[in-house]
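Working through the structure, step by step
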Amino acid sequence: MAAAGLLTRDGWSEADRPAALILTLTALIGLPAGLWVTRAIDPETYRVLALSLILALSPLLLARVRIPWLATRPGTAVAGTGAGLISGLSGAGGLTIALYALIRDLPARAMRGTLILYMVSGGGVSAIVFIATDVFTAEAFRRAALLAAPALIGVLLGRALFTPKWERFYKPFCLSLLVALASIGMLSQILPLQP
């Protein structure tokens, strides 16, 4: 959220703002439901399901399958609610929104701007929900503070490297990164590290 906040000014003009607003508001519906389920059922099970969904949809993206329905308001609302639910269940809601942006086939700048706005607005809303439900504790805040500096360095480096002539390569790179992160997450569930 801190990293996205740094880029908000750049993202505002390029983003699909109505989509970012719908994603944020509907994620707020799904998030409390996901948190409620995690208290009733083993969250590791749902983390595996969320990562499996990302890995299952990735071949569709690699095959350049498009889902035009996601560009509609109901499709965007379903994506936002699903991201909120998955965020509450497993903390992988941001990956879900990235997948949504890739499937929608937004131009690279619009995808980047929409993700930035969602991360700032959705992050703020999520923080309120997490604080209200005692998920965001003092320990979680300390860990977030430690990770803020490396995230900001990465964002500044990424902004410096964002070059329009390479725009056609950004989506395949982002998809590959998304698949790699989901795969690492899945492997960490299957082969947990021993203390």
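Residues numbered from 1 in each chain as written. Predicted model: local features only at pLDDT ≥ 70, side-chain atom pairs only at ≥ 80, totals over all residues. Heavy atoms only, no water.

Scanning the protein chain from terminus to terminus reveals eight helices and zero strands. Each helix and strand of the protein chain, placed in order from N terminus to C terminus, yields the pattern α-α-α-α-α-α-α-α. Across the 195 residues in the protein chain, those meeting the buried criterion constitute 35%. For the protein chain, the share of sequence-separated contacts (at least 6 apart) that also reach a separation of at least 24 residues comes to 87%. Approximately 11100 Å² of the protein chain is accessible, and the part contributed by carbon and sulfur atoms is 73%. (Helix = DSSP H or I, 4+ residues; strand = E, 2+ residues; numbered from the N terminus. Buried < 20%, exposed > 50% of the residue type's maximum accessible area, 1.4 Å probe, protein only. Contact = heavy atoms within 4.5 Å. Areas by Shrake-Rupley, 256 points an atom, 1.4 Å probe, with all protein chains shown as cover.)

Attention now moves to helix H2 (residues 17-40). Since the α-helix turns once every 3.6 residues, residues separated by three or four places project in the same direction. Relative to the 34 Å expected for 24 residues at 1.5 Å per residue, H2 spans 35 Å between its end C-alpha atoms, a close match to the ideal helical length. In the structure, H2 departs most strongly from a straight axis at Leu28, where the bend amounts to approximately 30° and where the proline Pro32 lies between one and four residues downstream. (Expected span 1.5 Å × (residues − 1). Bend = angle between axes of the 7 residues up to and from the residue.)

Attention now moves to the environment of Pro172. As for its position among the elements, Pro172 is in helix H8 (residues 167-190). The exposure class of Pro172 is partly exposed, given its relative accessible area of 40%. Placed 70 residues apart in sequence, Pro172 and Leu102 show a C-alpha to C-alpha distance of 9.2 Å.

Let's shift gears to the confidence of the model for the protein chain. Considering every residue of the protein chain, the mean pLDDT works out to 78; 85% of them sit at 70 or more. Here helix H1 (residues 2-14) stands out as the element of the protein chain with the lowest mean pLDDT, 66, in contrast to H2, whose mean of 86 is the highest. (pLDDT = per-residue confidence, 0-100.)

Together, Phe173, Leu177, Leu181 and Ile184 give the surface a local cluster of nonpolar side chains, amounting to about 410 Å² of exposed area. Turning to its location among the elements, Ile184 is positioned in helix H8. (Patch = residues over 30% accessible without salt bridge, like charges linked within 9 Å, V, L, I, M, F, W, Y side chains within 5 Å. Salt bridge = Lys/Arg side-chain N within 4 Å of Asp/Glu carboxyl O.)

Turning to its location among the elements, Leu178 is positioned in helix H8. Classification of Leu178 as buried rests on a relative accessible area of 4%.

Core analysis: the biggest nonpolar cluster contains 24 residues, and Leu23, Ile97, Tyr100, Met111, Tyr118 and Leu178 have the highest contact counts within it. Elements with a minimum of two residues in this core: H2, helix H3 (43-62), helix H4 (73-90), helix H5 (93-104), helix H6 (108-132) and H8. If we skip the residues at most four places from it in the chain, Tyr118 touches Ala20, Leu23, Thr24, Ala27, Ala83, Ile97 and Gly123. (Core = buried A, V, L, I, M, F, W, Y, C linked by side-chain atoms within 4.5 Å.)

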